[in-house]
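Structure assessment
Here is what each chain is made of, one letter per residue.
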Protein chains: 2
Amino acid sequence: MAIQRTGARLRPIGKIRSIIKKRSQAPKLGSEGAPDAWLEVSPFAAQGLDGLLAGGDIIVITWLHRARRSVLRVHPRSDRRRPLTGVFATRSPDRPNPLGLHRVTVRRVAKNRLRIGPIEVLDGTPVIDIKPVLSGLQDF
Amino acid sequence: MAIQRTGARLRPIGKIRSIIKKRSQAPKLGSEGAPDAWLEVSPFAAQGLDGLLAGGDIIVITWLHRARRSVLRVHPRSDRRRPLTGVFATRSPDRPNPLGLHRVTVRRVAKNRLRIGPIEVLDGTPVIDIKPVLSGLQDF
C-alpha cells in the first residue's frame, strides 16, 4: 500500500531548553501554569527564522519523545473515571505519531534562539516545525 | 549531538481522498475555497477515532509529501514582490519537516472514514495525526 512506503524521517530543527526536567513536573496544557522556555534552533535551520519577531504568536510542533506510540485509547487527562477514548479525540501525548502542538508567544529573538511561552514540554524535547499564527486565518 | 539521533520515523495513520489531484488546483489555504474530502484512517489506527463526533472541529496534521525539505526561505505566497522570508515565519509547504496543519469540521463519521472540510491538500496526502479542538483551550 502506498501509505506504508511514506514513512518519512523527521529531522529535528531544534530543541526546547526548559526548567521542566521530569514528566511529573509538566502541566498537561501550556495554559495550566507552564513556564517560558528557550527554543534553540540548530545552525542548519537558523535561516528559517528570518522574519519572526518578538510579540507575535507562533505554533511550535514538538516530538514528544517519551510517549508510547502503540497506544490508541486512553482515559482523558489520565482520569480513570473517564471512559477510554480514542487518542485522536484527546490531547494525550501517547499516540502513533506523538507530535505536540503548542501555541506560544515569542518573548524575544536572540540569533538562533527564541524565548517562548508558556510551554509545558520537558527540557530536551525535539522541535520539528514552527508556523506563524496568521491573523484573519480561521484555522488557528 | 543528541538532536541528530532523534530522527524519528513517521507512521502515517491514514490518507486524504480529495477531488484535488494537482498542486495547481489546490488553494493555498483551506479558507480559500477548498473542498471537503475523506480522511481514510488505516485499520491499525481506527480505534483511535473512538469518541470523535460529527459537528466538531479537529486539527488534521498531514505530511506534504511533494514539498522541498531543503528550502529555508521563500517569497510568501509565491509572490516574488514580497521579500524572501524564513519558512518558519510563513505557511509554505516547503520546509525541513513539511507538516501541514489544517483545522477542519467533521461532517460525518463512517467507520474508519471521516468526511472533513474544507481542506486544501492533494488527493493521497498522508495523514500523521488528528487532534480535537478543545473549547476553552487558548491554544487553538
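Heads up: these notes are all about the structure in this document. Keep in mind it's a predicted model, so treat the numbers as computed, not measured.

Rules and cut-offs
- Residues numbered from 1 in each chain as written.
- Chains lettered and ligands numbered in written order.
- Predicted model: local features only at pLDDT ≥ 70, side-chain atom pairs only at ≥ 80, totals over all residues.
- Heavy atoms only, no water.
- Pairing = 2+ DSSP bridges.
- Helix = DSSP H or I, 4+ residues; strand = E, 2+ residues; numbered from the N terminus.
- Axes fitted to C-alpha atoms, helices over the stretch in contact; angles between N-to-C directions.
- Least-squares fit on C-alpha atoms with pLDDT ≥ 70 in both.
- Contact = heavy atoms within 4.5 Å.
- Phe/Tyr/Trp six-rings, centres within 6.5 Å; stacked < 30°, edge-to-face > 60°.
- Lys NZ or Arg CZ within 6 Å of the ring centre and 35° of its normal.
- Buried area = accessible area lost by both parts, 1.4 Å probe.
- Salt bridge = Lys/Arg side-chain N within 4 Å of Asp/Glu carboxyl O.
- Polar contact = N/O pair within 3.5 Å; in protein donor to acceptor, adjacent residues only side chain to side chain.
- Nonpolar A, V, L, I, M, F, W, Y, C, P; charged D, E, K, R; others polar.
- Buried < 20%, exposed > 50% of the residue type's maximum accessible area, 1.4 Å probe, protein only.

**A few points about the sheet that holds strand β7 (residues 113-117) of chain A**
All names here are of chain A. Ordered in space as β1-β2-β7-β6-β3-β8, the six strands form a closed barrel in which the pairing is antiparallel. For this sheet, the mean angle separating the axes of adjacent strands, direction not counted, is 45°. Examined bridge by bridge, strand β3 (residues 57-63) and strand β6 (residues 99-110) share seven bridges and lie antiparallel to one another. When the sheet's bridge partners are listed, T62 is paired in β6 with G100.

**Things to note about the relation of the copies chain A and chain B**
One copy of the chain maps onto the second through a rotation around an axis plus a translation along that axis. Superposition record for chain A on chain B: RMSD 0.0 Å, screw rotation 180°, translation along axis 0.0 Å. Interpreted geometrically, this transformation is the action of a two-fold axis. For chain A, the smallest separation between a C-alpha atom and the rotation axis is recorded for R9 of chain A, amounting to 2.1 Å. Of the residues that chain A buries at the interface, 100% are likewise interface residues in chain B, meaning the two copies contact each other through the same surface.

**Some remarks on the packing of aromatic side chains**
Inspection of every chain in the model, using the stated rule, returns zero aromatic pairs over all chains. The side chain of R11 of chain A reaches across the aromatic face of F44 of chain A, ending 3.7 Å from its centre.

**Considerations on the interface of chain A and chain B**
Contacts between the two partners involve 53 residues from chain A and, on the opposite side, 53 residues from chain B. Interface area for chain A against chain B, summed over the two sides, is near 5400 Å², with a carbon-plus-sulfur share of 62%. The interface formed by chain A and chain B holds four salt bridges in total. Residue D50 of chain A is joined to R73 of chain B by a salt bridge in which the shortest nitrogen-to-oxygen separation is 3.3 Å. Summed over the shared surface of chain A and chain B, the result is 24 residue pairs in polar contact (both at pLDDT 80 or more). Elements represented by at least two residues in the side of chain A that touches chain B include exactly β1 (14-17), β3, β5 (85-86), β6 and β8 (126-132) of chain A. Per-element tally for the side of chain A that touches chain B: the top contributor is β8 of chain A, with six residues. Within the side of chain A that touches chain B, the residues separate by chemical class into 27 nonpolar, 14 polar and twelve charged.

**Here's the deal with the sheet that holds strand β8 (residues 126-132) of chain B**
Within a beta sheet, neighbouring strands are joined by backbone hydrogen bonds and run either parallel or antiparallel to one another. All names here are of chain B. Pairing in this closed barrel of six strands is antiparallel, and the strands run β1-β2-β7-β6-β3-β8 around the ring. With direction set aside, neighbouring strand axes in the sheet form an average angle of 45°. Here four bridges tie strand β1 (residues 14-17) to strand β2 (residues 37-41), and the two strands are oriented antiparallel to one another. Looking at the pairing, I16 lines up with L39 of β2.

**Regarding the pairing of β8 of chain A**
Residues and elements named next belong to chain A. Taken across its seven residues, β8 has seven buried, putting it largely inside the fold. The pairing of β1 with β8 spans two bridges and is classified as antiparallel. Across the sheet, residue G14 finds its bridge partner in β8, namely V127. Bridge count between β3 and β8: five bridges; the pairing is antiparallel.

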